[in-house]
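# Notes for the structure review
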Amino acid sequence: MKKVYTLILALLCLVAVGCKQKQATKNSNMNYRPLGATGLEVSEISIGCGGFGKLDSAASLQLMTMALDSGMNYIDIYDADPKVRSNIGYALKGRRDEMIIQGHIGTIYKDGQHTRTRDVEETRKGFEDLLDRLGTDHIEVGMIHITDSQEEWDEIQDSPFLDYVFQLKKEGKIKHIGLSSHNAEVALQAAKSGWVEVIMFSLNPAFDQLRGGAIPWDKGAMDNLQGGIDPVRVEFYDYCATHKIGVTVMKTFGGGGKLLDAKTSPLGVAYTPEQCIAYCLAKPCISTCILGIDNLDELKADLHWLHATEAEKDYTNVAKRPDTQTAGDCTYCNHCSPCTQGIPIAKVNELLDKAEHDGMTAELQAQYDALPKHGGDCTHCGACMSRCPFGVDIPNRMDAAKAKFGK
Ligand code: SF4
Ligand code: SF4
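Attention here is on the structure that accompanies the text. (Residues numbered from 1 in each chain as written. Chains lettered and ligands numbered in written order. Predicted model: local features only at pLDDT ≥ 70, side-chain atom pairs only at ≥ 80, totals over all residues. Heavy atoms only, no water.)

## Digging into the site of ligand 1
Applied cut-off: Residues are counted as near a molecule or strand when any one of their heavy atoms sits within 4 Å of it. When residues are sorted by character, Ala, Val, Leu, Ile, Met, Phe, Trp, Tyr, Cys and Pro go into the nonpolar class, Asp, Glu, Lys and Arg into the charged class, and all the rest, Gly among them, into the polar class.
Taken together, Cys339, Thr340, Gln341, Ile345, Cys378, Thr379, His380, Cys381, Gly382, Cys384, Ile394 and Pro395 make up the full set of residues near ligand 1. Here the shell around ligand 1 is composed, by residue class, of seven nonpolar, five polar and no charged.

Laid out in structure tokens, this is it:
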């Protein structure tokens, strides 16, 4: 009998190893990194959820299939838009076990808009909707959605909201607790909290440099990656590396791809995707760069990372001391929603930026006209302002959109 048990155990071990290998060797060019101390190994580039709202279910399946087949095994789902969630659920059918899901807690879809909440009942509704639409009974990382100020961090301590997050972990509906933030002070406190295991943080060469700014930006600083950077950010990166807190990167390309175009780059010079990714991955604490991918062509372009040469990854060639600031530049992140008037603020800003940088076109005008509400509907109530992590003067941009597009 003992022999039979031993045999069964050995077989189970073989199956387990086989499954792990199947995931890890799917694309031999993809590197995998530990996600802090979670025990999970994640692909060093991974996929964001934004594109799935722009695709139908068949195109979503194509995108997910290519991502999985390329070795990507990590996805961030922050958006509460039912279409985004349902498309991802559809695309993951039959392959759920190949994807590690980082899903956000504290997001709901209300009055046709993605909305952040700390209300427990709303949070519960939003989280259960996420599981339902994904067709799963758990996600690996439950990410507390955007906590960007000291007040927001203080607000969740010892709160019913946090009790609910702990309850989700106890029930196994989330395996690990995460928190997303654009604020290094908050992110550092989260890392030191003892209960946050994964932090989603906005990182790219521009954000690192511009938040500090006092130390000259030069090749030496870029080489050691610890100079020319906001000291709080440096402390955060070091703490996470030392204490095995997983860090997943958002806004790898500057938010909306702004770093990839010299006209929009806050550094005044265009980076390539490979240079942005290499910059982030050079920090030992980083587990994965989550890339905003809208379609197959963008995914194919980003997958060049798997074959990129060291010369292509060398970002020191383009590093330049910034003359401009990112503050006030929209990254189309949607964190300012909901608008009291239902204006899709991120989309209005995106179309306005394109019209200003590349010139007005009939196509841009048509896209703007098709929006449910426009810049001209802004009442300057200011409700969105405190929710923008990037200091965008939103009412001013809404006025500019009205002037540019006529409504
Ligand atoms: S200031 Fe304008 S854009 Fe912002 S919430 Fe109010 S109406 Fe909406
Ligand atoms: S205005 Fe601010 S919060 Fe809103 S989409 Fe732009 S950067 Fe994000």
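## A word on the packing of helix H7 (residues 184–192) against helix H10 (residues 231–243)
Applicable threshold: Geometry is summarised by axes, namely lines fitted to C-alpha atoms with helices restricted to the contacting stretch, and by angles between N-to-C directions that run from 0 to 180 degrees. Secondary structure follows DSSP: runs of H or I at least 4 residues long count as helices, runs of E at least 2 residues long count as strands, and numbering of each begins at the N terminus. Working definition: roughly parallel below 35 degrees, roughly antiparallel above 145 degrees, roughly perpendicular at 65 to 115 degrees, and oblique for all remaining angles. Crossing handedness: left-handed means the near helix sits turned counterclockwise from the far one by under a right angle, and right-handed means the same turn made clockwise. Should any heavy atoms of two residues lie within 4.5 Å, those residues are counted as being in contact.
In the contact formed by H7 and H10, the axes pass within 9 Å of each other and the chain directions differ by 25°. If you check the angle between H7 and H10, you find them roughly parallel. As for how H7 packs across H10, the hand of that crossing is left-handed. Facing Ala184, Glu185, Ala187, Leu188, Ala191 and Lys192 of H7, the residues of H10 in contact are Val232, Arg233, Glu235, Phe236, Tyr239 and Cys240. In the contact of H7 with H10, the residues fall into eight nonpolar, no polar and four charged.

## Digging into the site of ligand 2
Cys330, Cys333, Asn334, Cys336 and Cys388 are the nearest of the 14 residues found near ligand 2. In terms of residue class, the shell around ligand 2 is made up of ten nonpolar, four polar and no charged.

## Topic: the pattern of salt bridges
Quick reminder of the rule: The salt bridge definition used is simple: a Lys or Arg side-chain nitrogen within 4 Å of an Asp or Glu carboxyl oxygen. Type-normalised accessible area, obtained with a 1.4 Å probe on protein chains alone, sets the label of each residue: buried when under 20%, exposed when over 50%, and partly exposed for intermediate values.
As enumerated under the stated definition, the model contains 20 salt bridges in all. Lys173 is the partner of Glu171 in a salt bridge, and the nearest nitrogen-oxygen pair spans 3.6 Å. Here Lys173 falls in the partly exposed class, since its relative accessible area comes to 27%. Each member of the salt-bridge network shares a partner with another, and the members are Lys258, Asp353, Glu356 and Arg397.

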